[in-house]
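One-letter residues, chain by chain:
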Amino acid sequence: MSILTSANPPKALPDGFFDRDAELLARELLGKVIRHKVGELWLSARIIETEAYYCEEKGSHASLGYTEKRKALFLDGGHIYMYYARGGDSLNFSAQGPGNAVLIKSAYPWVDTVSGPTSLAQMLLNNPDASGRPRPSQKLCAGQTLLCKAMGLKVPIWDAKRFDHETLFVEDVGSAVPHIIQTTRLGIPRGRDEHLMYRFVDAAYAPYCTRNPLRRGQVEGRDYLILD
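Asks: Help me out: how do you make sense of the overall build of the protein in this one?
Replies: In terms of helices and strands, the protein carries four helices and nine strands. Taken from N to C terminus, the helices and strands of the protein fall in the order α-β-β-β-β-β-α-α-α-β-β-β-β. Relative to a compact globule of 228 residues, whose C-alpha radius of gyration would be 17 Å, the protein shows 17 Å and is just as compact. When the backbone C-alpha atoms are referred to their principal axes, the protein occupies close to 50 × 40 × 35 Å. When burial is assessed residue by residue, the protein has 49% of its 228 residues classed as buried. As displayed, the protein offers around 10,500 Å² of accessible surface, 52% of which is attributable to carbon and sulfur atoms. Taking the 28 positively charged and 26 negatively charged side chains of the protein as two groups, their mean positions are separated by 7 Å.

Below, the structure is given as structure tokens:
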């Protein structure tokens, strides 16, 4: 059983970490680990893909205006905004400035002394494929709804909440991200600022994100940029 103790204290990101420009936050979250306690297990995943959203651009939910459902977007940086996408749960964090946020687009299962093989096994049980068989672990969190399903994150429980270091937080585990791919976001309708390069991918994990920005036919400088 994996537990957090004084011998291995978490380096949980403070709320102030999220109070920064959305694009910067989207880059800085890469390599960080989300930890969610379910029962006695800490389910964990390393963030490998993010998308930044701003209130003033048409691709964001906030651009549609304030509602009670979208209130987390207008709260201080470090609030959790969750919504349903194609019937599944999606995880976002508010950033600096009303209406600005970062979507956690995909992640990669993280196994360590806190979240061991038993935690990974539970994540595999949480998120089987359409036939009920276990997904390959590298594809377990390869998409915003797959991530939430694997980690047991639900809209009614976490929307508009702050992090709870006893149950849910983001940790800096010191995992370096030497190269970042910057490209356009996914699923943005035509005419709603779909051209903006607000998607960021850890280059080392590009094959395991929602859609590989380095796939055949993509051209550096036209379709994506490499940031050091």
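On we go.
Asks: Would you take a moment to explain the state of the cysteines for this structure?
Replies: Cysteine pairs can be linked by a disulfide, which is a covalent bond between their two sulfur atoms. Scanning the entire structure with this criterion turns up zero disulfides. The cysteine C141 is free of any disulfide, with C148 supplying the nearest cysteine sulfur at 9.3 Å.

Asks: What is the right way to read the layout of surface pockets from this model?
Replies: To find leftover empty space, one rolls a probe the size of a water molecule over the atoms. Of the volumes computed, that of the largest pocket is approximately 390 Å³. In this structure, the largest pocket is lined by 24 residues; those nearest its centre are Y53, G59, H61, Y83 and I188. Listed by contribution, the elements that provide at least two residues to the lining of the largest pocket are strand 3 (80-85) and strand 5 (101-109). Of the residues belonging to the lining of the largest pocket, the class tally is 12 nonpolar, eight polar and four charged. Lining the second largest pocket we find 14 residues, and of these T183, T184, L186, R211 and R215 sit closest to its centre. The residue inventory of the lining of the second largest pocket, partitioned by class, reads three nonpolar, four polar and seven charged.

Asks: Would you explain the nonpolar core in this entry?
Replies: Side chains that are nonpolar tend, in soluble globular proteins, to be buried together. Within the largest apolar cluster, 41 residues are counted, with the highest numbers of intra-cluster contacts made by F18, L29, I34, L91, F93, I104 and V170. When contributions to this core are tallied by element, the ones reaching two or more residues are helix 1 (22-28), strand 2 (41-53), strand 3, strand 4 (88-94), strand 5, helix 3 (144-151), helix 4 (155-158) and strand 6 (168-171). Of all the elements, strand 2 adds the most residues to this core, at five residues. Aside from chain neighbours lying at most four places away, what touches V170 is K11, A12, L13, F18, L29, K32, V33, I34, I47, F93 and F163. Judged by nonpolar contacts, the second largest core, of 11 residues, contains Y53, L73, Y83 and A101.

Asks: What exactly am I supposed to notice about the packing of aromatic side chains here?
Replies: In this description, an aromatic ring pair is defined by two values, namely the gap between the centres and the angle between the planes. Within the structure shown, the criterion is met by 11 aromatic pairs. Aromatic pair F17 and F18: ring centres 5.5 Å apart, planes at 80 degrees, arrangement edge-to-face. Judged on exposure class, the residue F17 and its partner F18 are both buried. Geometrically, the ring pair formed by Y205 and Y208 is edge-to-face, given 6.5 Å between the ring centres and 70 degrees between the ring planes. Taken together, the ring pairs connect F17, F18, F93 and F163 into an aromatic cluster.

Quick notes on the rules
- Residues numbered from 1 in each chain as written.
- Predicted model: local features only at pLDDT ≥ 70, side-chain atom pairs only at ≥ 80, totals over all residues.
- Heavy atoms only, no water.
- Helix = DSSP H or I, 4+ residues; strand = E, 2+ residues; numbered from the N terminus.
- Rg over C-alpha atoms; globule rule 2.2 N^0.38 Å.
- Buried < 20%, exposed > 50% of the residue type's maximum accessible area, 1.4 Å probe, protein only.
- Areas by Shrake-Rupley, 256 points an atom, 1.4 Å probe, with all protein chains shown as cover.
- Lys, Arg positive; Asp, Glu negative; His and termini not counted.
- Charge placed at Lys NZ, Arg CZ, Asp CG, Glu CD.
- Disulfide = S-S within 2.5 Å.
- 1 Å grid on protein atoms, 1.4 Å probe; cavity = no way out; pocket = protein on both sides within 12 Å on 5 of 7 lines; lining within 4 Å.
- Points joined across faces, edges and corners; volume = space filled by probe spheres on them.
- Nonpolar A, V, L, I, M, F, W, Y, C, P; charged D, E, K, R; others polar.
- Core = buried A, V, L, I, M, F, W, Y, C linked by side-chain atoms within 4.5 Å.
- Contact = heavy atoms within 4.5 Å.
- Phe/Tyr/Trp six-rings, centres within 6.5 Å; stacked < 30°, edge-to-face > 60°.

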